[in-house]
Amino acid sequence: MASDCIFCKIRDGEIPADALRRDERCFVIRDINPRAPVHLLVIPNSHITSLPGLTPDEREAVGAMFSTAGEMAAIEGVDGSGYRLVVNQGRDADQSVSHLHLHLLGGKPLGGMCS
Ligand code: AMP
C-alpha cells in the first residue's frame, strides 16, 4: 500500500469507483477519462510500480491481469471487433499513476500502432 496512491485507495474503498470485477489478484474499473467507448483499467491488488524485479507472486498477478483483460473484452463485447492493451511506464509515456495498470481500449477503430 502506498498511502498517496489513487489505485490503492480505490482498492481499499477510500475513493469510490465501481469495480466491474475483483478477485485475489486484480480488479477492474472504468477509466474516469475514457479515450474510447470501452476504456477499462485492469489493476493488480498489490502496489506494483514497475515491471523489472517482479516477485514470483507479482508475476502471477501480471499474468492474471492479461487473462482478466481478455475476459473483460469479451464481456464488453469488443473481443470480435478488437481492442488494445496499453501499459504506460514512466515520464515519456505520460504515466500519471505509479501503480501498474493495463488500459483496455476498444469500441472504435484505434488507428495505427499505439496511436
Ligand atoms: P496512466 O496515465 O497510464 O498512468 O493512466 C492512469 C489512468 O487512470 C488515466 O487514464 C486516468 O484517467 C485514470 N484515473 C485516474 N483517477 C481515476 C479514478 N478515480 N477512477 C478511474 N480512473 C482514474
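The structure under discussion appears in the preceding block.
All chains use their own residue numbering, which begins from 1 and follows the written sequence. Selection of residues for local features in this predicted model requires a pLDDT of at least 70, selection of side-chain atom pairs for listing and counting requires 80 or more, and totals for whole chains, interfaces and linings are taken over all residues. Processing note: side-chain calculations cover all non-hydrogen atoms of the structure and skip hydrogens and water entirely.

### Looking at helix H2 (residues 56-75)
Then, number 1: Between its terminal C-alpha atoms H2 stretches 29 Å, which fits the 28 Å expected from 20 residues at 1.5 Å a residue.
Then, number 2: All of the buried residues along H2 are Glu-58, Ala-61, Val-62, Ala-64, Met-65, Thr-68, Ala-69, Met-72 and Ala-73.
Then, number 3: Going along the chain from the N terminus, every DSSP run of H or I of four or more residues is numbered as a helix, and every run of E of two or more is numbered as a strand. Looking one or two places after H2, you find Gly-77, whose phi comes out positive at around 80°. One less than the residue count of a helix, multiplied by 1.5 Å, gives the span that helix is expected to have. Burial classes: relative accessible area under 20% of the type maximum marks a residue as buried, over 50% as exposed, and values in between as partly exposed (1.4 Å probe, protein chains only).

### A word on the site of the ligand
Then, number 1: Taken together, 17 residues lie around the ligand, and Asp-31, Arg-35, Asn-88, Ser-96 and His-103 are the ones closest in.
Then, number 2: For the ligand, an oxygen atom lies 2.5 Å from a polar atom in the side chain of Asp-31.
Then, number 3: Methods summary: accessible areas were calculated by the Shrake-Rupley approach with a probe of 1.4 Å, and residue burial reflects only the protein chains presented. Summarising the interface, the protein chains cover 88% of the accessible area of the ligand, which totals 500 Å² for the free molecule.
Then, number 4: Secondary structure elements with two or more residues in the shell around the ligand: helix H1 (6-11) and strand S2 (26-30).
Then, number 5: Considering each element in turn, the shell around the ligand owes the most residues, three residues, to H1.
Then, number 6: Nonpolar residues are Ala, Val, Leu, Ile, Met, Phe, Trp, Tyr, Cys and Pro. Charged residues are Asp, Glu, Lys and Arg, and all others, Gly as well, are polar. Residue composition of the shell around the ligand, grouped by class: seven nonpolar, six polar and four charged. Summary of the distance rule: residues count as near a molecule or strand when at least one heavy atom falls within 4 Å of that molecule or strand. N or O atoms closer than or at 3.5 Å make up a polar contact, with two conditions inside protein: a donor-capable atom paired with an acceptor-capable one, and, for residues adjacent in sequence, both atoms drawn from side chains.

### Overview of the packing of aromatic side chains
Then, number 1: Pairing of aromatic rings covers Phe, Tyr and Trp, the last through its six-membered ring, and needs centres within 6.5 Å; plane angles under 30 degrees mean stacked, over 60 mean edge-to-face, and all others mean tilted. Tallied over the full model, the rule gives zero aromatic pairs.
Then, number 2: Two limits define a charge over a ring: the Lys NZ or Arg CZ must be within 6 Å of the ring centre, and within 35 degrees of the ring normal. Across from the ring centre of Phe-27, 5.3 Å away, lies the NZ or CZ of Arg-22, which sits over that ring.

### Comments concerning the nonpolar core
Then, number 1: As used here, the term nonpolar core means buried Ala, Val, Leu, Ile, Met, Phe, Trp, Tyr and Cys residues forming a set that is joined through side-chain atoms within 4.5 Å. Ranked by internal contacts, the top residues of the largest apolar core, which has 16 residues, are Leu-40, Val-42, Met-65 and Leu-104.
Then, number 2: Counting only elements with at least two residues in this core, the list comes to S2, strand S3 (38-44), H2 and strand S5 (102-106).
Then, number 3: It is H2 that provides the largest number of residues to this core, a total of five residues.
Then, number 4: In what follows, a contact means two residues having at least one pair of non-hydrogen atoms within 4.5 Å. The residues touching Leu-104, leaving out its near neighbours within four places in the chain, are Val-38, His-39, Leu-40, Ala-69, Met-72, Ala-73, Val-78, Tyr-83, Arg-84 and Leu-85.
Then, number 5: In this structure, Phe-7, Cys-8, Phe-27 and Val-97 belong to the second largest nonpolar core, which totals nine residues.

### Some details on the pairing of S2
Then, number 1: By the criterion of burial, S2 is predominantly enclosed, with four of the five residues buried.
Then, number 2: The hairpin turn running from strand S1 (residues 21-22) into S2, its antiparallel successor, is three residues long.
Then, number 3: The criterion for strand pairing is that DSSP finds at least two bridges linking the strands in question. Where S2 meets S3, five bridges bridge the pair, whose relative direction is antiparallel. What sits directly across from Val-28, in S3, is Val-42.

### Some words on the pattern of salt bridges
Then, number 1: Salt bridge, as used here, is a side-chain nitrogen of Lys or Arg placed within 4 Å of a carboxyl oxygen of Asp or Glu. On inspection of all chains with the given rule, the structure shows seven salt bridges.
Then, number 2: Note that Arg-25 and Asp-57 form a salt bridge whose closest N and O atoms lie 3.0 Å from each other. Of this pair, Arg-25 sits in the loop between S1 and S2 while Asp-57 sits in helix H2; the two residues are 32 residues apart in sequence, bridging distant segments of the chain.
Then, number 3: Relative accessible area serves as the criterion here: at 48%, Asp-57 is assigned to the partly exposed category.
Then, number 4: For the salt bridge of Asp-31 with Arg-35, the shortest nitrogen-to-oxygen distance reads 3.5 Å.

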